Amino acid sequence: MIQIGETIVSFDMLEKAFICDLSACKGQCCVEGDSGAPLEEEEVEIIKELLPIIWDDLSEKSKAVIEAQGVAYRDIEGDLVTSIVGNGECVFSYVDEDGNCKCAIEKACRAGKTDFYKPISCHLYPVRLGKYASYTAVNFHKWKVCKAAFELGKTNGTPVYQFLKTPLIRKFGEDWYTELEIAAEELYKSGMVKRP
């Protein structure tokens, strides 16, 4: 583990390889799971405001769920998460012309309709944040639907923290990320951690 400010970063962030391979997984992370994607309190209000912009990209089933329970709910563990259709499909997902499951919020951002990219937990995946009284744990989450991403990352030698540079900076800032890069290089040189 590495401590950077008020975060504790798992060595897996440096040692595990990862590059999303949407052509292989078809966006299964938006469809599978026991509950929706984790949300921060302030993200709920942002998403509510975005509904008129993304509404036409949502399925009829998603619209019905949102109308019945809203954009978010508390899961069995008490965490605030995106609403889901059935057994795991995020209400904000849609399927593109190539059969890939994608995020309607991200689509709106890419089209310049909002500056909110998507929930930070989605942007950071395969990282999951654990919030504790005095620090935030930055952990790598391994999931079977990302098998192709592990393989592509390994082929390219791309550690998780490098693949996630943009969302890590979005969450923690440029200085934090620079400190992580410096720590990673020192740990690689010392042999305490291995490059993927």
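Everything quoted here is computed from the prediction, not taken from an experiment.

Reading the values: the criteria
Residues numbered from 1 in each chain as written. Predicted model: local features only at pLDDT ≥ 70, side-chain atom pairs only at ≥ 80, totals over all residues. Heavy atoms only, no water. Core = buried A, V, L, I, M, F, W, Y, C linked by side-chain atoms within 4.5 Å. Buried < 20%, exposed > 50% of the residue type's maximum accessible area, 1.4 Å probe, protein only. Helix = DSSP H or I, 4+ residues; strand = E, 2+ residues; numbered from the N terminus. Contact = heavy atoms within 4.5 Å. Pairing = 2+ DSSP bridges. Phe/Tyr/Trp six-rings, centres within 6.5 Å; stacked < 30°, edge-to-face > 60°. Lys NZ or Arg CZ within 6 Å of the ring centre and 35° of its normal.

**Looking at the nonpolar core**
Step number 1: Counting 29 residues, the largest nonpolar core has Leu 14, Tyr 161, Leu 168 and Leu 180 as its most contacted members.
Step number 2: Those elements that place two or more of their residues in this core are strand E1 (2-4), helix H1 (12-15), helix H6 (120-124), strand E10 (136-140), helix H7 (147-156), helix H8 (160-163), helix H9 (165-172) and helix H10 (174-190).
Step number 3: It is H10 that provides the largest number of residues to this core, a total of seven residues.
Step number 4: Each residue touching Leu 180, except ones within four places of it in the same chain, is listed here: Ile 2, Ile 4, Val 9, Leu 14, Tyr 161 and Leu 168.
Step number 5: With 22 residues, the next largest nonpolar core counts Leu 50, Cys 103, Ala 108 and Phe 116 among its residues.

**A word on the pairing of E10**
Step number 1: Of all the five residues making up E10, four are buried; the element is thus mostly covered by neighbouring parts of the structure.
Step number 2: Note that strand E9 (residues 127-131) and E10 share five bridges and pair antiparallel. Each residue of the ladder has a partner; that of Val 127, found in E10, is Phe 140.
Step number 3: The turn joining E9 and E10, which pair antiparallel and follow one another in sequence, is formed by four residues.

**Regarding the packing of aromatic side chains**
Step number 1: Tallying each qualifying case throughout the model produces six aromatic pairs.
Step number 2: With a centroid separation of 5.6 Å and an interplanar angle of 65 degrees, the aromatic rings of Phe 18 and Phe 150 are classed as edge-to-face. One end of the pair, Phe 18, is in the loop between H1 and helix H2 (22-25); the other, Phe 150, is in helix H7, and 132 residues separate them in sequence. With respect to class, Phe 18 is no different from Phe 150; both count as buried.
Step number 3: Summarising the aromatic geometry, the rings of Tyr 161 and Tyr 177 are spaced 6.2 Å apart at their centres and angled 40 degrees between planes, so their arrangement reads as tilted. With Tyr 161 in helix H8 and Tyr 177 in helix H10, the pair connects residues that are 16 residues apart, well separated along the chain. Take Tyr 161 and Tyr 177: they sit in the same class, and that class is buried.
Step number 4: The structure contains a cluster of three or more aromatic residues connected by ring pairs, namely Phe 18, Phe 140, Phe 150 and Phe 163.
Step number 5: The ring of Tyr 94 has Lys 107 sitting right over it, with the charged end atom 5.0 Å from the ring centre.
Step number 6: Directly above the ring of Phe 150 sits Lys 142, whose terminal nitrogen or CZ lies 5.3 Å from the centroid.

By themselves these figures say nothing about function.
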